[in-house]
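Commentary on secondary and tertiary structure
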Amino acid sequence: MSESIPARPADTTPLASFEAKWAAVHPEFGLALKFVAEHERGAQSAFASLVYELEHAAFGIREAQPAAMKLQWWGEEFARCARHEARHPLTQALSDHPGFAQIPLAQWYAVIGGALAQRDPEPAAEGQDLLDQYAQFHAPLGAIDAQLFGGDATTIVGALSLARALRETAALLDTLRDGKLPLPLDLLARHRLARGDLAEASAARNQALSEWFRRLAGEMLGLLKLWTAVPGLKAARLGTLRSAMVAADSTRALHAARASDPLMAINSALPRLSISVVWAAWRAARRSRR
């Protein structure tokens, strides 16, 4: 169980502006946050917003120099946190959590190093290689998440890496323009596609995307089943926010896998929520309080 922490007002400014950015990209989090115990809500929201800010620096900033500068600033901010001198609204909010000061600075630096490794990755030979690539960034974050809020770090890392794979594929054209390949090479070979073929719509591209989204959905559903299969199972606990994320993304991936145009389908599905999100968040919250 995570430790009790003071609540922060939901509309605190400028903290609310970061939460709004996060919720706009992950609408399931705003819903799931309502199921989080009130005394933990502020810190969980701040941490999820912090993860979003770091993900944006790792994946969303197209130019290398601004991304590196942003990540360097975060590295300096984490060093300030270790001295109890946090400046950013999100790290200031997290400073209220009694476990935040216990996170080793080396672990935050591992997050920064993992983020920098995403800037110019080699094409992945297989699907697992691609997920492992994303995990260079998400592994230290998942460990911090588990340390602060409970759950199993390995399962959380899997959820975060699968979510990143889904979003990098959804942004296929932008990802390709950035010099990255969001699909594994063995998948392209099976569908007789070259990297350059992915920029144009075709039956082969649609088939490859359908296969990839089906795989992602299967692995996400596997995480949810692992977590819910055994009553009282603690080792695979995802937590309320991550369970909602996996439930939402698995539904989106399945929808895209079944569509005639998977790329269009996944982008139309990203802002949508299904009833499965409510169910997953409720079950996660109920289990976490046992």
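Structural notes, computed from the coordinates. (Residues numbered from 1 in each chain as written. Predicted model: local features only at pLDDT ≥ 70, side-chain atom pairs only at ≥ 80, totals over all residues. Heavy atoms only, no water.)

Re the packing of helix 4 (residues 64-82) against helix 6 (residues 105-116)
Each pair of packed helices can be summarised by the angle the axes make with each other and by the distance between the axes. Taken N-terminus to C-terminus, the directions of helix 4 and helix 6 make an angle of 175°; their axes are 9 Å apart at the nearest point. Looking at the two axes, helix 4 sits roughly antiparallel to helix 6. The residues of helix 6 that touch helix 4, namely those facing Ala68, Leu71, Trp74, Gly75, Phe78 and Ala79, are Leu105, Trp108, Tyr109, Ile112, Ala115 and Leu116. For the contact of helix 4 with helix 6, a count of residues per class yields 11 nonpolar, 1 polar and no charged. (Axes fitted to C-alpha atoms, helices over the stretch in contact; angles between N-to-C directions. Helix = DSSP H or I, 4+ residues; strand = E, 2+ residues; numbered from the N terminus. Parallel < 35°, antiparallel > 145°, perpendicular 65-115°, else oblique. Contact = heavy atoms within 4.5 Å. Nonpolar A, V, L, I, M, F, W, Y, C, P; charged D, E, K, R; others polar.)

A look at the packing of aromatic side chains
Counted by the stated rule, this structure contains 8 aromatic pairs. Summarising the aromatic geometry, the rings of Trp22 and Phe29 are spaced 5.4 Å apart at their centres and angled 40° between planes, so their arrangement reads as tilted. Each member of the pair, Trp22 together with Phe29, is buried. Look at Phe78 and Trp108: their rings are 4.2 Å apart centre to centre, the planes differ by 15°, and that puts the pair in the stacked class. Placement of the pair is Phe78 in helix 4 and Trp108 in helix 6, with a sequence separation of 30 residues. Judged on exposure class, the residue Phe78 and its partner Trp108 are both buried. Grouped by ring-pair contacts, the aromatic residues Trp73, Trp74, Phe78, Phe100 and Trp108 constitute a single cluster. Of note, Arg80 hangs over the ring of Trp73, and the distance from its end group to the ring centre comes to 5.2 Å. (Phe/Tyr/Trp six-rings, centres within 6.5 Å; stacked < 30°, edge-to-face > 60°. Buried < 20%, exposed > 50% of the residue type's maximum accessible area, 1.4 Å probe, protein only. Lys NZ or Arg CZ within 6 Å of the ring centre and 35° of its normal.)

Brief notes about helix 1 (residues 15-25)
Of all the residues in helix 1, the buried ones are Leu15, Phe18, Glu19 and Trp22. Angular distribution of buried residues about the axis of helix 1 spans 100°; they occupy a single face of the element. Those residues of helix 1 that are buried lie in contact with helix 2 (27-33), helix 3 (38-60), helix 5 (89-94) and helix 12 (240-258). (Arc of directions from axis to C-beta.)

Structural notes on the pattern of salt bridges
Taken as a whole and judged by the stated rule, the model has 14 salt bridges. In this structure, Glu53 and Lys21 form a salt bridge, with 2.8 Å as the shortest nitrogen-oxygen distance. Here Glu53, found in helix 3, pairs with Lys21, found in helix 1; they are 32 residues apart in sequence, far enough to count as distant. Classification of Lys21 as partly exposed rests on a relative accessible area of 38%. Across the pair Arg164 and Glu55 runs a salt bridge, and its minimum N-O distance is 3.7 Å. Residue Arg164 is found in helix 8 (residues 153-170), and its partner Glu55 is found in helix 3; the two are separated by 109 residues along the sequence. For the residue pair Arg164 and Glu55, the accessibility class agrees, reading buried in each case. (Salt bridge = Lys/Arg side-chain N within 4 Å of Asp/Glu carboxyl O.)

Considerations on the side chain of Arg242
Mapped onto the secondary structure, Arg242 falls in helix 12. Given a relative accessible area of 5%, Arg242 falls into the buried group.

Overview of the nonpolar core
Among the nonpolar cores identified, the biggest contains 86 residues, and Phe47, Leu50, Leu54 and Trp108 are the most heavily contacted of them. With 11 residues, the top contributor of residues to this core is helix 3. (Core = buried A, V, L, I, M, F, W, Y, C linked by side-chain atoms within 4.5 Å.)

Focus: unusual backbone geometry
Phi angles above zero are rare outside glycine, and His84 is one such case at about 65°. Positionally, His84 belongs in the loop between helix 4 and helix 5. Looking at His84, the relative accessible area reads 66%, which means it is exposed. One non-glycine residue with positive phi stands out, namely Arg192, at about 55°.

Topic: the side chain of Thr91
Mapped onto the elements of the fold, Thr91 is located in helix 5. Exposure remark for Thr91: the relative accessible area of 0% places this residue in the buried category. Among the polar contacts made by the side chain of Thr91, one reaches the main-chain carbonyl oxygen of His88 at a distance of 3.0 Å. Among all residues touching Thr91, those that are not within four sequence positions of it are Trp74, Glu77, Phe78, Cys81, Ala86 and Phe100. (Polar contact = N/O pair within 3.5 Å; in protein donor to acceptor, adjacent residues only side chain to side chain.)

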